[in-house]
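So you can see what is in the structure, the chains are spelled out below.
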Amino acid sequence: MKLTNRNLVTIDDVSNDEMEALFCLADDMANSLDSQYGLCQGKIMASLFFEPSTRTRLSFEAAMLRLGGRVISAVDVGATSLAKGESIADMARVVGSYADVIVIRHPWEGAARVVADYAGVPVINAGDGGHEHPTQTLCDLYTIRKQRRTLKALRIALWGDLRHGRTIHSLIYALARLGASILFCPGPGLELPEHVLRRLSTEYKGELRRCANLNQGPERELFPIDAVYITPSSPHQLAMLPDISVRVELKAGVDALYVTRLQKERQAPTVEQQELKKKYPVVDKELLKGKEFAKTLVMHPLPRVDELACEVDSDPRSMYFKQAAYGIPVRMALIAILLGTRDVAISREYNSFAQKVEHPVYKRDSGVKCCNTNCVSNQETETKYMRPEFRIVSSEPLTLRCIYCEHELHAKYVASSDWHQGKLENKKYHSANSHWARKIKPGNLIIFASEDEAQAQQFKPSSYVTR
Amino acid sequence: MKLTNRNLVTIDDVSNDEMEALFCLADDMANSLDSQYGLCQGKIMASLFFEPSTRTRLSFEAAMLRLGGRVISAVDVGATSLAKGESIADMARVVGSYADVIVIRHPWEGAARVVADYAGVPVINAGDGGHEHPTQTLCDLYTIRKQRRTLKALRIALWGDLRHGRTIHSLIYALARLGASILFCPGPGLELPEHVLRRLSTEYKGELRRCANLNQGPERELFPIDAVYITPSSPHQLAMLPDISVRVELKAGVDALYVTRLQKERQAPTVEQQELKKKYPVVDKELLKGKEFAKTLVMHPLPRVDELACEVDSDPRSMYFKQAAYGIPVRMALIAILLGTRDVAISREYNSFAQKVEHPVYKRDSGVKCCNTNCVSNQETETKYMRPEFRIVSSEPLTLRCIYCEHELHAKYVASSDWHQGKLENKKYHSANSHWARKIKPGNLIIFASEDEAQAQQFKPSSYVTR
Amino acid sequence: MKLTNRNLVTIDDVSNDEMEALFCLADDMANSLDSQYGLCQGKIMASLFFEPSTRTRLSFEAAMLRLGGRVISAVDVGATSLAKGESIADMARVVGSYADVIVIRHPWEGAARVVADYAGVPVINAGDGGHEHPTQTLCDLYTIRKQRRTLKALRIALWGDLRHGRTIHSLIYALARLGASILFCPGPGLELPEHVLRRLSTEYKGELRRCANLNQGPERELFPIDAVYITPSSPHQLAMLPDISVRVELKAGVDALYVTRLQKERQAPTVEQQELKKKYPVVDKELLKGKEFAKTLVMHPLPRVDELACEVDSDPRSMYFKQAAYGIPVRMALIAILLGTRDVAISREYNSFAQKVEHPVYKRDSGVKCCNTNCVSNQETETKYMRPEFRIVSSEPLTLRCIYCEHELHAKYVASSDWHQGKLENKKYHSANSHWARKIKPGNLIIFASEDEAQAQQFKPSSYVTR
């Protein structure tokens with residue numbers, strides 16, 4: 001099958017139908033766990049965790065061992081050669097020569113992409129900073145599918161820290177692609193990042209609607225919803241829905257309430273954070289009494305802290321411990337497929353609600369850098385060998401998406417590599433939003449982070465530079 | 001056999017005869033180490049060590065691997081999700097869904113009990129704070145049995161830090177149950193904790209005698225003994241023994257001298273500790289020249305520091321490295337039995353010198369907490385889902401033993417849940433030691449930690465409150 | 001074969017011909033990696049890393065797993081019983097009773113020797129402080145042999161930190177023994193330690209020549225060479241070579257350029273170190289344009305920092321990632337041989353260019369200590385059971401080499417155990433360099449670290465004490 005020898009860096013690396021095939025295999029494996037032993041005999045998985053983790057690491061390792069494979073593992077950056085100043089690329093090349101498959105967790109966003117680029121063996125992203133955590137999303141979707149028997153036409157509410165949770169970001173893209181309706185219920189100040197919202201509204205076929213005022217007024221019977229994303233698979237076009245209808249629609253029932261904890265470790269511990277913690281919304285018995293939650297699966301990627309009350313644990317709607325347990329068959333299936341020790345048939349069952357766009361690539365060494373300080377492309381050990389690389393995802397305004405961490409930036413100044421050939425005095429730069437700029441062919445485009453940068457490269461301001 | 005799917009949290013979880021059966025299996029396994037490979041094929045052990053350890057962890061892991069099983073392991077609290085504020089119960093549930101058996105070491109007393117309560121798979125306590133370390137005791141007893149061919153009528157001297165050593169506590173209960181005589185030789189200020197002494201004198205059929213003055217006077221030929229515990233299996237009743245006879249009896253020979261190091265890590269490092277270190281009693285060639293040690297097995301759970309001189313290493317009486325090596329067959333046998341991959345026959349050979357008492361349970365939410373700050377039931381992450389729980393081990397004075405850490409506390413104020421039904425003004429509390437208090441049926445008993453607590457729950461002082 | 005049940009503590013533990021046999025087996029294994037699975041089934045390797053490492057540890061573990069064996073591992077001194085004050089000897093004895101082979105990395109020089117002395121199973125040194133790292137050397141030589149098809153008559157340039165690199169020291173002895181010519185190209189202040197130089201010039205059959213001025217004057221076309229070591233296998237005797245000829249000879253080509261990074265972790269981080277880092281020589285495309293490097297293998301033990309430019313990675317001469325990958329078959333072969341699960345035939349192909357000298361041993365408890373503060377024999381936990389031990393490697397001046405870390409010291413004062421028998425007033429000590437001192441038979445020699453030490457042991461100064 002097509003998945004053999006591929007990587008799983010983002011959830012987009014696997015299509016809806018491939019996911020369905022993987023889940024079928026996971027079902028098989030869960031039903032005959034013992035007979036999978038031997039499937040990966042003689043194979044070695046490298047389990048590289050440069051950030052704290054118990055469950056994800058142990059889950060991957062247990063999955064590999066249940067397949068009869070073996071594991072070498074490195075935990076914590078302090079005990080590794082990265083502390084000696086080694087680059088991720090070097091590490092990837094070396095470990096890739098020891099192991100047959102690599103599982104990597106790393107605090108830098110985009111790190112898993114770099115490992116995949118250099119390892120020479122299949123790489124699975126087990127979380128790269130705040131970027132993605134695609135196997136968690138696979139376990140999440142597998143849990144829903146197991147209970148609901150389908151992944152079509154889902155209504156999913158996402159609860160808590162939508163800003164920092166990589167788990168959430170992977171899940172959102174997968175849900176949007178599957179044509180789900182998504183309700184966003186963030187804690188205060190923990191709304192989805194702009195780049196995720198933008199991507200939702202430009203690349204998936206649904207519609208995003210803010211509904212901050214949904215719960216104001218005398219009727220506050222609904223749980224707090226910040227925004228709604230609805231794909232055409234749902235019976236109504238969002239545009240046609242007044243707020244009141246959203247409420248009616250929601251009351252029809254939420255398939256899953258996906259709770260996440262405050263991602264403390266992605267923030268500086270401050271006084272504000274203490275405040276945030278106090279205001280963090282809690283899912284408890286009381287909340288779950290709402291009609292819209294009558295048949296809702298309560299989910300959580302774990303570990304939880306206080307955002308999901310222990311009193312809910314014994315509720316039959318609670319799925320989070322099952323969700324963790326499903327990590328074993330899902331990861332077993334994934335590893336077996338990537339290593340090519342199990343083949344799967346892929347049927348065409350699911351539509352994709354994502355627009356497949358091949359954005360042009362921008363990788364000139366013109367001084368533009370990813371704006372995310374936590375991006376792998378901005379780290380001292382990595383800049384020695386890699387240059388920033390972007391996809392041009394929009395021309396108006398001119399928007400670059402980092403290929404590593406997928407953060408976006410708006411280009412301010414541009415030039416053409418065509419014009420200045422000939423006379424030196426023609427080497428000019430323009431404002432990115434000028435009509436002149438839009439005429440530059442993508443292949444000729446030069447993008448500057450600032451006017452200083454442009455001038456440092458001997459370009460002069462054109463009349464299309466607005467200040 | 002009955003041990004399958006059980007837990008080993010305290011040494012009391014296995015009876016004398018079950019222990020004998022386990023040791024027979026360990027003998028078998030030691031004799032044909034290679035042919036055990038395959039016995040646990042396809043099984044996974046989770047090895048969770050939230051406190052420093054080499055030998056115990058490596059010993060468990062090696063044992064599982066020699067059985068053909070596999071291991072997933074997490075070391076150190078810093079690198080795990082517990083650092084994210086997760087409860088032990090959550091961790092246990094998740095890891096229990098990955099592994100077939102869990103081995104846990106944790107700094108909190110009673111932590112292994114909680115893991116056993118929630119994991120859903122057999123749990124082995126590899127040391128929980130200063131509470132217990134039952135597999136060490138199994139290795140200790142196996143070593144003695146291997147050399148002495150029986151565990152009956154033993155005379156064992158315990159040396160060093162009897163206060164903080166969990167190893168020592170597990171061993172004492174096992175020895176008492178087996179009917180051994182125990183000589184306590186603590187370092188200064190390192191005597192057995194009160195709750196262990198109390199338990200010895202109330203639940204086992206022997207007699208405890210302080211003999212602080214045993215070595216005073218002109219004759220100081222004996223090593224320093226603080227107390228003696230003698231069970232009826234020994235020829236003399238302790239009550240009949242004057243001090244001088246104890247000395248005569250002892251000179252007849254000690255079967256094993258069990259040395260322990262100062263448990264630095266359970267104490268704040270202070271000036272006093274430095275002092276303690278200097279005064280800590282040392283076992284060396286000179287001491288072992290005593291007649292009573294002529295055939296004594298010199299034992300130590302290791303690691304040792306200075307309390308056992310290296311000059312003793314080559315002495316044929318030294319058993320400590322063998323003792324460590326026996327950890328492999330003993331733990332192999334234990335794992336195989338708990339996983340049900342080997343069955344054993346249990347004969348009736350040993351008497352138990354412990355009184356099997358079913359103490360009534362007290363688990364009302366009345367404000368009484370375990371007095372041990374290191375108890376799992378007092379930790380912030382755990383109080384969210386668990387309430388304190390005790391056994392009422394004595395009524396005069398009213399004594400509660402924490403079911404987690406087994407520390408004891410004396411109840412001060414009580415009430416009855418029966419009396420105040422009816423009129424509110426009858427809701428009264430009494431001193432626990434009043435005769436009125438003793439009339440309350442265990443099922444109706446309410447226990448308060450303080451008068452404030454009682455009054456906070458709308459109880460008023462009765463005339464049976466002494467101040 | 002003779003290697004079964006032996007240790008690999010220093011590269012001298014394996015002869016040239018044994019090394020060749022090991023490399024042949026590694027070739028076999030690399031060619032049929034999958035069919036090696038099962039060779040070490042049921043065997044356990046203990047992987048003990050008390051210093052940061054990724055690649056070496058993972059490489060050893062992957063090698064063992066590919067042989068079908070199992071691994072128990074301990075990483076980092078913080079999480080182990082060594083933190084409780086345990087000696088290395090105790091740890092070795094215990095782990096030796098769990099595992100069939102031990103791999104040890106430790107920050108103290110000579111630690112691996114101690115483990116080998118006490119473990120009772122084969123021990124492999126995976127790096128002991130700045131002392132040796134023999135398996136790295138095996139991988140290095142295997143890489144060269146793989147590319148050059150022989151290890152005879154090599155010309156190898158060593159680049160960078162020659163002072164602190166254990167890798168370098170093991171490699172130098174192996175090269176000298178194989179009859180290679182070695183060019184030393186240290187960074188400023190990072191020249192080879194004296195004891196390594198001395199050993200080169202006394203125990204191997206070649207000649208060492210400083211050539212600090214080689215590159216002065218108008219012609220600076222050569223890379224910076226500090227010293228040259230040439231064995232008789234090369235066409236010219238070094239003594240006959242004027243500087244100019246060295247340059248001519250070198251231009252004929254270097255077989256391998258072995259680059260090492262600055263060993264930060266072996267030095268206090270200081271301002272000077274920052275300076276050092278700036279001045280550290282870099283290998284880049286420009287340097288490799290030199291004629292002498294036209295066919296040179298560019299090697300590095302990894303991890304690298306800045307001393308080897310990433311632009312070289314795609315150069316076909318770059319061998320460092322292959323070198324890392326070869327770690328698997330080389331270590332597989334080594335483990336299989338030491339465990340006796342594969343037999344190899346040893347032919348007589350290589351000459352040894354080392355003089356096999358059996359130096360007399362000195363192990364009196366006379367107060368002489370190894371002068372290396374990082375030597376295992378100087379550590380508080382170890383002095384309890386071990387005494388310093390030396391080989392007398394030269395009598396003029398009287399030179400002792402520590403058997404643990406191999407650092408050397410010059411004895412200052414000596415006496416004879418013969419003379420003072422009889423009259424006490426004859427108990428006299430002498431200057432080590434007096435002619436009287438030279439007459440003392442090695443068996444009678446007493447060596448003092450200082451006059452104070454001599455006098456403390458009731459010796460009086462003789463007239464052969466110069467001040």
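A.B. asks: What's the story with the overall build of chain A in this structure? I'm lost.
C.D. replies: Summing up its helical and strand segments, chain A has 13 helices and 18 strands in all. For chain A, the proportion of its 467 residues judged to be buried stands at 54%.

A.B. asks: What is the right way to look at the domain arrangement of chain A in this model?
C.D. replies: In many reports, interface size means the accessible area that the parts give up when they come together. Residue and element names in this part refer to chain A. Domains assigned within chain A are domain 1 (11-129 + 325-338), domain 2 (135-323) and domain 3 (361-461). Spacing between the C-alpha centres of domain 1 and domain 3 amounts to 35 Å. Domain 1 puts 12 residues into the contact, and the matching count from domain 3 is 13 residues. Looking at the side of domain 1 that touches domain 3 residue by residue, the class counts come to 5 nonpolar, 4 polar and 3 charged.

A.B. asks: Explain the relation of the copies chain A and chain B to me, please; I cannot follow it from the model alone.
C.D. replies: Each of the two chain copies can be brought onto the other by rotation about an axis and movement along it. Mapping chain A onto chain B is achieved by rotating through 120° and translating by 0.0 Å along the same axis, at an RMSD of 0.1 Å. Both copies are brought into coincidence by an operation consistent with a three-fold rotation axis. Across chain A, the rotation axis passes nearest the C-alpha of A:Arg70, at a separation of 5.1 Å.

A.B. asks: Explain helix α5 (residues 134-148) of chain C here, please?
C.D. replies: Because each turn of an α-helix spans 3.6 residues, side chains separated by three or four positions in sequence point in the same direction. All names here are of chain C. In this model, α5 (15 residues) spans 21 Å end to end at C-alpha, consistent with the 21 Å of a helix rising 1.5 Å per residue. Counting buried residues along α5, 12 of its 15 residues qualify, which places the element largely inside the surrounding structure. Looking one or two residues past α5, Arg149 carries a phi angle of roughly 65°, positive in sign.

A.B. asks: Looking at this structure, I do not really get the environment of C:Arg149. What am I missing?
C.D. replies: As for its position among the elements, C:Arg149 is in the loop between α5 and β5 (155-160). Along the primary structure C:Arg149 and C:Ser347 are separated by 198 residues, whereas in three dimensions their C-alpha atoms are 16 Å apart.

A.B. asks: It is not clear to me how the interface of chain A and chain C should be interpreted in this structure. Could you clarify?
C.D. replies: Listed by partner, the interface residues are 23 residues for chain A and 23 residues for chain C. Going through the elements one at a time, β1 (44-49), β2 (70-75) and α3 (88-96) of chain A are the ones with two or more residues in the side of chain A that touches chain C. Broken down by element, the residue count for the side of chain A that touches chain C peaks at 5 residues, all from α3(A).

A.B. asks: Sorry, what's going on with the sheet that holds strand β8 (residues 227-230) of chain A here?
C.D. replies: Sheet strands pair via backbone hydrogen bonds, and the direction of the pair is either parallel or antiparallel. Residue and element names in this part refer to chain A. With respect to topology, 6 strands assemble into an open sheet ordered β7-β8-β6-β5-β9-β10, the strand pairing being mixed. Where the open sheet ends on each side, the last strands, each with one partner, are β7 (207-210) and β10 (297-299). Strand after strand, the sheet turns through a mean of 15° between neighbouring axes, direction not considered. Bridging between strand β5 (residues 155-160) and strand β6 (residues 181-186) involves 6 bridges; their strand directions are parallel.

A.B. asks: Would you mind going over the pairing of strand β1 (residues 44-49) of chain B with me for this structure?
C.D. replies: The side chains of a regular strand alternate, first on one face of the sheet and then on the other. All names here are of chain B. Extensive coverage of β1 is indicated by the burial of 6 of its 6 residues. Covered by surrounding structure in β1 are Ile44, Ala46 and Leu48 together with Met45, Ser47 and Phe49, the residues of both alternating faces. By the bridge criterion, 6 bridges tie β1 to strand β2 (residues 70-75) in an arrangement that is parallel. Bridged to Ser47 within β2 is Ser73. Crossover handedness for the path β1 to helix α2 (residues 55-66) to β2: right-handed. Across 5 bridges, the pairing between β1 and strand β3 (residues 101-106) is parallel. Opposite Ser47, over in β3, you have Val103 as the bridge partner.

A.B. asks: What is the right way to read the sheet that holds strand β17 (residues 445-448) of chain B from this model?
C.D. replies: Residue and element names in this part refer to chain B. Spatial ordering of the open sheet is given by β17-β15-β16-β18, a layout of 4 strands whose pairing is mixed. For this open sheet the edge positions go to β17 and β18 (460-461), each flanked by a neighbour on one side alone. Note: strand β15 (residues 413-416) against β17, 4 bridges, orientation antiparallel. In the strand pairing of β17, Tyr413 is matched with Phe448.

A.B. asks: Any chance you could explain the packing of helix α3 (residues 88-96) of chain B against helix α4 (residues 111-119) of chain B here in plain terms?
C.D. replies: In helix packing, the relevant descriptors are the interaxial angle and the interaxial distance, both defined with respect to the helix axes. Residues and elements named next belong to chain B. At a closest axis distance of 8 Å, the pairing of α3 and α4 adopts a crossing angle of 50°. Taken as axis vectors, α3 and α4 run oblique relative to one another. Taken as a pair, α3 and α4 cross one another with a handedness that is right-handed. For the pair α3 and α4, the contacting residues are Ile88, Ala89, Ala92, Arg93, Val95 and Gly96 in the first and Ala111, Val114, Val115, Tyr118 and Ala119 in the second.

A.B. asks: Which parts of the structure should I look at to understand the nonpolar core?
C.D. replies: If you look at soluble globular proteins, the nonpolar side chains tend to sit buried side by side. If you look at the biggest cluster of nonpolar residues, it comprises 425 residues, and the most contacted ones within it are A:Val414, B:Val414 and C:Val414. Beyond its immediate chain neighbours, meaning those up to four positions away, C:Val414 contacts C:Leu398, C:Tyr429, C:His430, C:Ala432, C:Ala437, C:Ile440, C:Leu445, C:Ile446, C:Ile447 and C:Phe448.

A.B. asks: Could you clarify how one ought to interpret the interface of chain A and chain B in this entry?
C.D. replies: The interface is formed by 23 residues belonging to chain A together with 23 residues belonging to chain B. Here the element with the most residues in the side of chain A that touches chain B is helix α2 (residues 55-66) of chain A; it accounts for 7 residues. Looking at the side of chain A that touches chain B, its residues break down into 14 nonpolar, 3 polar and 6 charged.

A.B. asks: Please clarify how the pairing of strand β8 (residues 227-230) of chain C should be interpreted in this entry.
C.D. replies: Residue and element names in this part refer to chain C. Taking every second residue as pointing to the same face, both faces of β8 are buried, with Ala227 and Tyr229 on one and Val228 and Ile230 on the other. Taken together, the 4 bridges between strand β7 (residues 207-210) and β8 define a ladder with antiparallel strand orientation. Bridge pairing links Arg210 to Ala227 in β8.

A.B. asks: Would you explain the packing of helix α1 (residues 16-31) of chain B against helix α11 (residues 327-338) of chain B in this entry?
C.D. replies: All names here are of chain B. Contact geometry for α1 and α11: axes closest at 8 Å, N-to-C directions at 115°. When the axes of α1 and α11 are compared, the crossing they make is right-handed. Every residue of α11 that contacts α1 at Leu22, Leu25, Ala26, Met29 and Ala30 is listed here: Pro329, Val330, Met332, Ala333, Leu334 and Ile337. A class-by-class count of the residues in the contact of α1 with α11 yields 11 nonpolar, no polar and no charged.

A.B. asks: Sorry if this is basic, but what is going on with α2(B) here?
C.D. replies: All names here are of chain B. Compared with the 16 Å implied by 1.5 Å per residue over 12 residues, the 16 Å span of α2 between its first and last C-alpha is a close match. With 12 of 12 residues buried, α2 is to be regarded as a mostly interior element. Among the residues of α2, those classed as buried are Arg55, Thr56, Arg57, Leu58, Ser59, Phe60, Glu61, Ala62, Ala63, Met64, Leu65 and Arg66.

A.B. asks: How should the environment of C:Glu396 be read in this particular structure?
C.D. replies: Take C:Glu396: it is sitting in the loop between β12 (390-395) and β13 (398-402). Taking the C-beta count within 10 Å as the criterion, C:Glu396 has 9 such neighbours and is therefore assigned exposed.

A.B. asks: Help me out: how do you make sense of the confidence of the model for chain A in this one?
C.D. replies: Regions with low pLDDT carry predicted coordinates that are not meant to be interpreted in detail. Residues at a pLDDT of 70 or more form 88% of chain A, whose mean pLDDT is 87. Overall fold confidence (pTM) sits at 0.94, and the ipTM for the predicted complex is 0.92.

A.B. asks: Where do I start with unusual backbone geometry in this structure?
C.D. replies: Trans is the prevailing form of peptide bonds, just as negative phi is the prevailing case for residues other than glycine. The residue after B:Glu396, namely B:Pro397, is reached through a cis peptide bond having omega -5°. Within the secondary structure layout, B:Pro397 lies in the loop between β12 (390-395) and β13 (398-402). We note that B:Ala153 has phi near 55°; this positive angle belongs to a residue other than glycine. Note that B:Ala153 resides in the loop between α5 (134-148) and β5 (155-160). Of the residues examined, B:Ala153 has 15 C-beta atoms within 10 Å and is grouped as partly exposed. Backbone geometry places C:Arg149, a non-glycine residue, at a positive phi of 65°. Take C:Arg149: there are 8 C-beta atoms within 10 Å of it, and that puts it in the exposed class.

Analysis parameters
Residues numbered from 1 in each chain as written. Chains lettered and ligands numbered in written order. Predicted model: local features only at pLDDT ≥ 70, side-chain atom pairs only at ≥ 80, totals over all residues. Helix = DSSP H or I, 4+ residues; strand = E, 2+ residues; numbered from the N terminus. Buried ≥ 20, exposed ≤ 12 C-beta atoms within 10 Å, placed from the backbone. Domains from an automatic or database assignment. Contact = placed C-beta atoms within 7 Å. Nonpolar A, V, L, I, M, F, W, Y, C, P; charged D, E, K, R; others polar. Least-squares fit on C-alpha atoms with pLDDT ≥ 70 in both. Expected span 1.5 Å × (residues − 1). Pairing = 2+ DSSP bridges. Axes fitted to C-alpha atoms, helices over the stretch in contact; angles between N-to-C directions. Right-handed = clockwise from strand over helix to strand, strands pointing away. Parallel < 35°, antiparallel > 145°, perpendicular 65-115°, else oblique. Left-handed = near helix turned anticlockwise from the far one by under 90°. Core = buried A, V, L, I, M, F, W, Y, C linked by C-beta atoms within 7 Å. pLDDT = per-residue confidence, 0-100.

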